[in-house]
Amino acid sequence: MSLLHKYEIDKLYSKSVAYFSMEFAIHQALKIYSGGLGFLAGSHMRSAYDLKQNLIGVGMLWSYGYYDQGRDEDRYLKIEFIRKRYYFLEDLNITVSVDINGKEVFVRAYLVPSELFNCAPLILLSTDIPENDYLSRTITHKLYDSNSETRVAQEIVLGVGGTRVLEELGINPEIYHMNEGHSLPMAFELYQKFKDINEVKKRVVFTTHTPEKAGNEEHKITFLSKMGFFGQTPLEEVRKITGIKKEKFSLTVGALKMSKIANGVSKIHGDVANDMWKEVENRCKIISITNAQNRRYWVDKSLLRALDEHEDFELAARKKHLKRMLFDEVANQTGKMFDPEILTIVWARRFAEYKRPGLLKYDLQRFENLINNQKYPIQIIWAGKPYPFDSQAINIFNEITHMARSHKNIAVLVGYELDLSMKLKKGADIWLNTPRVTREASGTSGMSAAMNGAINLSIADGWHPEFCREGVNSFTIPTEGRGLSIEEQDRLDNKNLMDILENKIIPLYYDNKKEWLDIKKNSISDVIPAFDSGRMVHEYYTLMYNA
């Protein structure tokens, strides 16, 4: 047990692990995350604490976070970068230096103590300190900065700075876990220490989250070398140990070549990743460990108690109360009063084009008929943050916002962070997930929604096929997307989505309350424990750390 752990380590999980991630969603007050990757890392840290694992998180202290999502004077998306101050962090009084583009940059370490948020201890790194000049201080200003040099500098700080801070603390992890390839410079730092790639591989494991090659980060190898990404390792040696001969260096390929084992984040994604990287020689094995979310954090305790005690009336009443709490937020943000008796559909996650937030309204006339149906009324809520420099995603957000002005039963919410995400998952009747097929590695938001009695309606991608019992605990949107043009795929998926809503889900909600309640109960029962992150962090130890 390290000095940072305030709990007794379980012998089953005694192997020491450092878990490197660019973002962690630990608590609403600590705004150092953007979306799914951070939500996953947060649940990993909570369950590591629950199971008393010998794990320490290593992340970044973003001075301005991802961004603050608000509205401008016309109520369209407003992106604001507001400096954050965190007085609850513990200064570890440790400063290390890293070389970035031939310049010495100082990195300060802070601690999120395990007892503060009931998580495994988390070390956060900052260059925004007086020892650095202004340019160096900006490295840890904004999560996923749009400037390529800054992004690579961030990765060096995480990988190299994080490793050196652990050394200064006297912590020598037996396993270094890369949650995505951002922290890959850590593997080159270890290579400098051991001078033997096999010694590095013994200690490094890798989780990949991206289900297509185009989404995997690449840079010119000469650019990375100049920036200091490979540390003191000469370029020819980098090419030799990674097998990358091309001018473009893939962080994912580098990670697969320098790890003892890797994993995809659902069974489908494991298959996709193995197929995607089948041409990479001498890469490590890729298994699948399906993502999960922490029940203790996400589940409504009163809802779960009503389920356990078979109190159907209490369960239905509690769900209605949770809807009212969400609708208070809707009224506060939009001036619209939603009705807890009406079926409420929620689409809430990172706003990205491939996630298709606008699929529901693809056939505009049919959509208008749906939302104006007096016999079977519905309410729809959209929420989520686009990447602040993705104009296409921002335009989609603003387009839906504009459309919502004409309808009192459609709301678009801003400020999509942990607290709002919690309200949406607890208050939703239907949790809608519409990515293009094979583009969703996992899609964990549906798990924490299901824990709270929201019924998933999803494309058959990511985690959904592992969970879904069609019409029993959730519903699937039939898709014929493979091999079709984007336009044809969207048209067919919209048709199938509208068919299942109009012909099955909406009538069921109003005409068969008992069956609806049974599906809701099955949703909660089936998602726990299979998609509770206690299962996930146990599998990381048994299948990867101890492999």
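Everything numeric here is computed off the predicted structure, so don't read it as measured data.

Undergrad: Looking at this structure, how should I read the pattern of salt bridges?
TA: If charged atoms from side chains of opposite charge come close, those side chains can pair. Taken as a whole and assessed by the stated rule, the structure comprises 31 salt bridges. Arg 366 is the salt-bridge partner of Glu 502, the closest N and O atoms lying 2.8 Å from each other. Pair noted here: Glu 502 is in helix α19 (residues 486–511) and Arg 366 is in helix α14 (residues 364–371), with a separation of 136 residues, a long-range link. Since its relative accessible area comes to 28%, Glu 502 is described here as partly exposed. Linked through salt bridges whose partners overlap, the residues forming this network are Glu 353, Arg 356, Arg 436, Asp 490 and Asp 493.

Undergrad: Is there a simple way to explain the side chain of Lys 520 in this structure?
TA: Topologically, Lys 520 is positioned in helix α20 (residues 513–527). An unpaired buried charge is present at Lys 520: no salt bridge exists, and Asp 429, the closest side chain of opposite charge, is 5.2 Å distant.

Undergrad: Mind showing me how you'd approach helix α15 (residues 391–404) here?
TA: Residue pairs three or four apart in sequence face the same way in an α-helix, which turns once every 3.6 residues. Taking 1.5 Å per residue as the helical rise, α15 with its 14 residues ought to reach 20 Å, and the 20 Å between its terminal C-alpha atoms agrees with that figure. Those residues of α15 hidden inside the fold are in contact with β3 (68–71), β4 (77–80), α14, β15 (378–383) and β16 (410–413). One side-chain oxygen at the N-terminal end of α15 lies 3.2 Å from the backbone nitrogen of Gln 392; it belongs to Asp 390.

Undergrad: I would appreciate a short explanation of the sheet that holds strand β9 (residues 204–207) in the present structure.
TA: Strand pairing in a sheet is mediated by backbone hydrogen bonds. Such pairs are either parallel or antiparallel. One open sheet holds the nine strands; their spatial order is β5-β6-β7-β2-β1-β8-β9-β12-β13, and the pairing between them is mixed. Each edge of the sheet is formed by a strand with only one pairing partner; in this case those strands are β5 (90–100) and β13 (285–288). In this sheet, neighbouring strand axes are inclined to one another by 25 degrees on average, regardless of whether the strands run parallel or antiparallel. Bridge analysis of strand β1 (residues 17–20) against strand β8 (residues 175–179) gives four bridges, and the strand direction is parallel. By the bridge assignment for β8, Phe 20 is matched with Met 178. Strands in contact with helix α4 (residues 148–168) are β1, β2 (55–60), β5, β6 (103–112), β7 (122–126) and β8; relative to β5, the strand with the most contacts, it is inclined by about 125 degrees.

Thresholds applied
Residues numbered from 1 in each chain as written. Predicted model: local features only at pLDDT ≥ 70, side-chain atom pairs only at ≥ 80, totals over all residues. Heavy atoms only, no water. Salt bridge = Lys/Arg side-chain N within 4 Å of Asp/Glu carboxyl O. Helix = DSSP H or I, 4+ residues; strand = E, 2+ residues; numbered from the N terminus. Buried < 20%, exposed > 50% of the residue type's maximum accessible area, 1.4 Å probe, protein only. Lys, Arg positive; Asp, Glu negative; His and termini not counted. Expected span 1.5 Å × (residues − 1). Contact = heavy atoms within 4.5 Å. Polar contact = N/O pair within 3.5 Å; in protein donor to acceptor, adjacent residues only side chain to side chain. Pairing = 2+ DSSP bridges. Axes fitted to C-alpha atoms, helices over the stretch in contact; angles between N-to-C directions.

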